[in-house]
Amino acid sequence: MISLKEQIISFVFSFVYGLIVYFLYKKIYKYLYYSKKIYCILNSFLFIIDLVLVYFKMFYIICDGYISIYFILITFIVFLFLNKKYN
């Protein structure tokens, strides 16, 4: 089990990371969708891989790699909420 302090830090990180992912997505939107088809696929793949690696590395630093499904859901819900609200 992770301590309450680590859970709070993980919760806040997941929320902030959802914001960061949204703003990065908006910044490189044209590279993900308005390029040649092969570049779109490669850019999307690299974007996802980079985001996942950073997310897992930060959780490894914060709480020794313990990731609860709640933290992933928080990140995903923040991203979807912002994407729906500002589109």
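Computed from a predicted structure; not experimentally measured.

### Description of the packing of aromatic side chains
Consideration 1: Throughout the structure, instances matching the rule amount to 14 aromatic pairs.
Consideration 2: Through pairs of rings, three or more aromatic residues link up here, namely Y22, F23, Y25, Y29, Y33, Y34 and F79.
Consideration 3: Looking at K26, its charged tip hangs above the ring of Y29, at a distance of 5.9 Å from the centre.

### Some points on unusual backbone geometry
Consideration 1: Not every positive phi belongs to a glycine, and D64 is a case in point at roughly 55°.
Consideration 2: Of note, D64 is situated in the loop between α3 (37-63) and α4 (69-85).
Consideration 3: Taking the relative accessible area as the measure of exposure, D64 reaches 66% and is therefore exposed.

### Focus on the environment of V54
Consideration 1: Here V54 is to be found in helix α3.
Consideration 2: Taking the relative accessible area as the measure of exposure, V54 reaches 43% and is therefore partly exposed.
Consideration 3: Along the chain, V54 and K27 lie 27 residues apart, while their C-alpha atoms are 18 Å from each other.

### Looking at α3
Consideration 1: Along its 27 residues, α3 runs 39 Å from first to last C-alpha, staying within 8% of the 39 Å computed at 1.5 Å per residue.
Consideration 2: Among the residues of α3, C40, F47, L51, Y55, F59, I62 and C63 are the ones counted as buried.
Consideration 3: Residues of α3 that are buried sit in contact with α1 (4-27), α2 (29-33) and α4.
Consideration 4: D64 lies just past α3 and shows a positive phi near 55°.

### Regarding a nonpolar patch on the surface
Consideration 1: A cluster of nonpolar side chains, namely L4, I8, F11, V12, F15, V16, I20 and L24, defines an oily patch on the protein surface of about 720 Å² accessible area.
Consideration 2: Relative to the elements of secondary structure, L24 occurs in helix α1.

### Quick look at α4
Consideration 1: The end-to-end C-alpha distance of α4 is 24 Å, a good match for the 24 Å that 17 residues give at a rise of 1.5 Å each.
Consideration 2: Buried residues of α4: F71, I74, T75, V78, F79, L82 and N83, and no others. In a view along the axis of α4, the buried residues occupy a sector of 155°, so they form one face of it. Exposed residues on α4 whose side chains face more than 90 degrees from its buried face are I69, Y70, I77, F81, K84 and K85.

### A few points about the packing of α1 against α4
Consideration 1: Running from N to C, α1 and α4 point in directions that differ by 35°, and their axes come no closer than 8 Å. With respect to the hand of their crossing, α1 and α4 are arranged in right-handed fashion. Note on element contacts: α4 touches α1 through F71, I74, T75, V78, F79, L82 and N83, opposite Q7, S10, F11, S14, F15, Y17, G18, L19, V21, Y22 and Y25.
Consideration 2: Looking at the contact of α1 with α4 residue by residue, the class counts come to 12 nonpolar, six polar and no charged.

Reading the values: the criteria
Along each chain, numbering runs from 1 in the same order as the chain's sequence is written. Local features in this predicted model are restricted to residues of pLDDT 70 or higher, and side-chain atom pairs are both shown and tallied only at a pLDDT of 80 or more, whereas totals for entire chains, interfaces and linings draw on every residue. The basis for every side-chain value is the complete set of non-hydrogen atoms in the structure, without hydrogens or water. Ring geometry is summarised as follows: Phe, Tyr and Trp rings, the Trp one being its six-membered ring, pair when their centres sit within 6.5 Å, and such pairs are stacked at plane angles under 30 degrees, edge-to-face over 60 and tilted between the two. Remark: a charge is flagged as sitting over a ring if the NZ atom of Lys or the CZ atom of Arg is within 6 Å of the ring centre and within 35 degrees of the ring normal. Strands here are runs of E lasting at least two residues and helices are runs of H or I lasting at least four, both read from the DSSP assignment and numbered beginning at the N terminus. For each residue, the accessible area found with a 1.4 Å probe, counting protein chains only, is set against the maximum for its type, and the residue is called buried under 20%, exposed over 50%, and partly exposed in between. By this rule, a helix spans an expected 1.5 Å times one less than how many residues it contains. Should any heavy atoms of two residues lie within 4.5 Å, those residues are counted as being in contact. Patches draw on residues past 30% relative accessible area with no salt bridge. Two like charges within 9 Å are joined, as are two nonpolar side chains (Val, Leu, Ile, Met, Phe, Trp, Tyr) within 5 Å. Methods summary: accessible areas were calculated by the Shrake-Rupley approach with a probe of 1.4 Å, and residue burial reflects only the protein chains presented. By convention in these notes, a salt bridge is any Lys or Arg side-chain nitrogen within 4 Å of a carboxyl oxygen on Asp or Glu. Taken from the helix axis, the directions to the C-beta atoms give the arc we talk about. In this analysis, axes come from line fits to C-alpha atoms, helices being fitted only over the stretch in contact, and the angle between any two N-to-C directions falls in the range 0 to 180 degrees. By convention the crossing between two helices is left-handed if the near helix lies anticlockwise of the far one by an angle smaller than a right angle, and right-handed if it lies clockwise. In this classification, the charged set is Asp, Glu, Lys and Arg, the nonpolar set is Ala, Val, Leu, Ile, Met, Phe, Trp, Tyr, Cys and Pro, and all remaining amino acids, among them Gly, are polar.

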